[in-house]
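Notes for the structure review
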Amino acid sequence: QVQLVESGGGLVQAGGSLRLSCAASGTIFSINAMGWYRQAPGKQRELVARITSGDTITSADSVTGRFTISRDDAKNTVYLQMNSLLPEDTAVYYCNADVKALLNMLWVRRDYWGQGTQVTVSS
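Here goes a summary of the coordinates provided. Note that residues are indexed from 1 along each chain, following the sequence as it is written. Where totals are concerned, whole chains, interfaces and linings use all residues; where local detail is concerned, this predicted model gives features only for residues with pLDDT of at least 70, and gives and counts side-chain atom pairs only at 80 or more. In computing side-chain values, all of the structure's heavy atoms are included and hydrogens and water are not.

1. Things to note about the nonpolar core
Applicable threshold: Residues belong to one nonpolar core when they are buried, are Ala, Val, Leu, Ile, Met, Phe, Trp, Tyr or Cys, and are joined through side-chain atoms within 4.5 Å. Any residue under 20% of the maximum accessible area for its type is buried, any over 50% is exposed, and the rest in between are partly exposed; the area is computed with a 1.4 Å probe on protein chains only. Secondary structure follows DSSP: runs of H or I at least 4 residues long count as helices, runs of E at least 2 residues long count as strands, and numbering of each begins at the N terminus.
Counting residues in hydrophobic clusters, the biggest one holds 32 residues, and the most contacted among them are W36, L80, M82 and Y93. Breaking this core down by element, the ones donating at least two residues are β1 (2-7), β3 (18-26), β4 (28-39), β5 (46-52), β7 (67-72), β8 (77-82), β9 (91-103) and β11 (117-122). Per-element accounting of this core gives the leading share, six residues, to β9.

Here it is, written out as structure tokens:
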């Protein structure tokens, strides 16, 4: 019913920038929130940044001031602008969306996840 298509990951040097994009598609009634999570090898998945439909933004302390989350409602797309990247930012980044969508001919609300995009920051 809903697909999240991610793009923008890659390899950059420390201090560089990347912009991640995630577009939600499907029979969507509303999106309550969209955000980015990341998981490094051997570590738990953690919230990077999240933005709600009411424009409430939550971000990890480790990225505050360096990363900026934004969205384009017309495109059902969320972005993560990542500046001043550090090797510690290396992880698989996953897009998440809290969506009310059509499923089995009913409107249901659930989380959807993208497949993840690799971000690697070299020292």
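2. Digging into the side chain of T77
Convention followed: For the purposes of these results, a polar contact is taken to be a pair of N or O atoms within 3.5 Å, where, inside protein, one atom must be able to donate a hydrogen and its partner to accept one; residues adjacent in sequence count only when each atom of the pair is a side-chain atom.
Here T77 shows up in strand β8. Here T77 falls in the buried class, since its relative accessible area comes to 5%. A distance of 2.9 Å separates a polar atom in the side chain of T77 from the backbone oxygen of K75.

3. Observations concerning the environment of V12
Rule in force here: We call two residues in contact when some of their heavy atoms are within 4.5 Å.
By secondary structure assignment, the location of V12 is in strand β2 (residues 10-13). For the pair V12 and V119, spaced 107 residues apart in the sequence, the C-alpha separation amounts to 8.0 Å. Filtering out sequence-adjacent residues up to four positions away, V12 remains in contact with S17, L18, L85, T120, V121 and S122.

4. So, the packing of aromatic side chains
The following threshold applies: Here a Phe, Tyr or Trp ring, Trp counted by its six-membered ring, pairs with any other such ring whose centre lies within 6.5 Å, and the pair is stacked when the planes are under 30 degrees apart, edge-to-face when over 60, and tilted otherwise. Two conditions define a charge sitting above a ring: the NZ of Lys or the CZ of Arg must be within 6 Å of the ring centre, and it must be within 35 degrees of the ring normal.
Summed over all chains, the structure comprises two aromatic pairs. Taking 5.5 Å as the distance between ring centres and 55 degrees as the angle between the ring planes, the aromatic pair formed by F29 and W107 counts as tilted. Placement of the pair is F29 in strand β4 and W107 in strand β10 (residues 106-113), with a sequence separation of 78 residues. Of note, R45 hangs over the ring of W113, and the distance from its end group to the ring centre comes to 4.8 Å.

5. Quick notes on unusual backbone geometry
Positive phi is not limited to glycine here, since S84 has a value of about 50 degrees. You can see S84 is positioned in the loop between β8 and β9. The backbone of N104 sits at a positive phi, close to 55 degrees, despite the residue not being glycine. Checked against the element boundaries, N104 lands in the loop between β9 and β10. By relative accessible area, which is 65% here, N104 ends up exposed.

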